[in-house]
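Coordinate inspection notes
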Amino acid sequence: MAARARVNGVDLYYEVVGEGEPLVLVHGSWVDHETWQRILPRLARSFRVLVYDRRGHSRSERPPGRGSRREDEDDLARLIEVLGSPAHVAANSFGASAALGLAARRPELLRSLAAHEPPLMDIVGDESPELRPVLQAMERALDGVLTALSAGEDRAGAQRFVDDVVMGPGAWEQLPDRVRETFTANAPTFADEQADPDWAGLDLARLSGYTGPALLTFGSESPPWFPVIVGKLATALGGRARMRTLVGDGHVPHLTHPDRYAADLEAFIRSAA
């Protein structure tokens, strides 16, 4: 079922498929609900799954002015209520940051949370000096992306993000045309997300109030700051969190190894129940 909902003053596009316990999938930056298509048929056999385009992405409305991650958190809260609260939530990248932010603020809405590589750079801190050179290199690359976007060069900015920040040189040309077009169309929203001063932070003390099951993952092929971020989140959540390395994966395991990702997610939710 495809539908639109007026959520917090914005029209959001979403789809619901399958039967069973409610599960919401939250995509990262640049992409949209179609990033989950490789795992959706399998998950729909066991769950009632909601996928959606976050505000500013693809078929959802892009409101004017600077937004905030808190708005994404509030959108997710409302969609969970539409689907049926509480719900299982699985999220990737910036979507994982929003899901964790919601877990800190409204933990009663989540039955369980699976978060892969949230880019919460502000919680890394200064206690990992070995990361400083790679973090500085990443910041320079990100500045290049934002410079291109501010000049209206959306496609060039998207390419720089893929090649210089997350996937490595030449990766842009390996992406399907449809994916490149989606990245380009959603580029202004990435610039908007980066303008939010709180995009990379999280109140870890407040997150500790989330008492539900949590699965926190990072890929063995991903940049080295993600294990540090995930480790800090796991410490904040205490014994309720499982921390796992996805061997052979990077930032988007639901695309690179969809069957394994879906099986791991199903097993986590079953054990959480």
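Residues numbered from 1 in each chain as written. Predicted model: local features only at pLDDT ≥ 70, side-chain atom pairs only at ≥ 80, totals over all residues. Heavy atoms only, no water.

1. Some thoughts on the packing of helix α2 (residues 69-83) against helix α3 (residues 94-105)
To keep it simple, the criterion reads: Helix axes are fitted to C-alpha atoms over the stretch in contact, other axes to C-alpha atoms as well, and angles between N-to-C directions run from 0 to 180 degrees. Helix numbering and strand numbering both begin at the N terminus, where a helix is a DSSP run of H or I of at least 4 residues and a strand a DSSP run of E of at least 2. Orientation categories follow fixed angle ranges, with anything under 35 degrees roughly parallel, anything over 145 roughly antiparallel, 65 to 115 roughly perpendicular, and all other angles oblique. The contact criterion used is simple: two residues touch if any of their non-hydrogen atoms lie within 4.5 Å. Note that Gly is not counted as nonpolar here; it falls among the polar residues with everything else outside the nonpolar set of Ala, Val, Leu, Ile, Met, Phe, Trp, Tyr, Cys and Pro and the charged set of Asp, Glu, Lys and Arg.
Between α2 and α3, whose axes approach to 9 Å, the crossing angle comes to 70°. Judged on the interaxial angle alone, α3 and α2 are roughly perpendicular. For the pair α2 and α3, the contacting residues are Arg-69, Arg-70, Asp-72, Glu-73, Asp-74, Leu-76, Ala-77 and Ile-80 in the first and Phe-94, Ser-97, Ala-98, Ala-99, Gly-101, Leu-102 and Arg-105 in the second. Of the residues that constitute the contact of α2 with α3, the class distribution is seven nonpolar, two polar and six charged.

2. Some words on the sheet that holds strand β6 (residues 110-116)
In a beta sheet, neighbouring strands are held together by backbone hydrogen bonds and run either parallel or antiparallel to one another. Threshold: At least two bridges found by DSSP between two strands are what make those strands a pair.
Strand order in the open sheet formed by eight strands is β1-β2-β4-β3-β5-β6-β7-β8, and the pairing between neighbours is mixed. Two strands bound the open sheet, and with one partner strand each, they are β1 (2-7) and β8 (241-246). Between one strand and the next, the sheet's axes are offset by a mean angle of 20°, whatever the strand orientation. As paired strands, strand β2 (residues 10-17) and strand β4 (residues 47-52) are joined by four bridges and run antiparallel to one another. Bridged to Tyr-14 within β4 is Tyr-52. Packing of α3 onto the sheet brings it into contact with β3 (21-26), β5 (87-92), β6 and β7 (214-219), and relative to β6 it is tilted by some 145°.

3. Focus on the environment of Gln-159
Among the secondary structure elements, Gln-159 is positioned in helix α5 (residues 154-166). Expressed as a C-alpha distance, the spacing of Gln-159 and Ala-171, which sit twelve residues apart in the sequence, is 8.6 Å. When near neighbours in sequence (up to four residues on either side) are disregarded, Gln-159 contacts Asp-164, Trp-172 and Glu-173.

4. Thoughts on the pattern of salt bridges
To keep things clear, this is the line we draw: Only one rule defines a salt bridge in this text: a Lys or Arg side-chain nitrogen within 4 Å of an Asp or Glu carboxyl oxygen.
Overall, the coordinates contain 20 salt bridges when judged by the stated rule. Taking the shortest distance from any N to any O, the salt bridge between Glu-21 and Arg-111 comes out at 3.6 Å. Residue Glu-21 is found in strand β3, and its partner Arg-111 is found in strand β6; the two are separated by 90 residues along the sequence. Note that Arg-260 and Asp-249 form a salt bridge whose closest N and O atoms lie 2.6 Å from each other. Residue Arg-260 is found in helix α12 (residues 258-272), and its partner Asp-249 is found in the loop between β8 and α11 (253-256); the two are separated by eleven residues along the sequence. A single network of salt bridges, built from pairs that share partners, joins Arg-69, Glu-73, Asp-74 and Arg-105.

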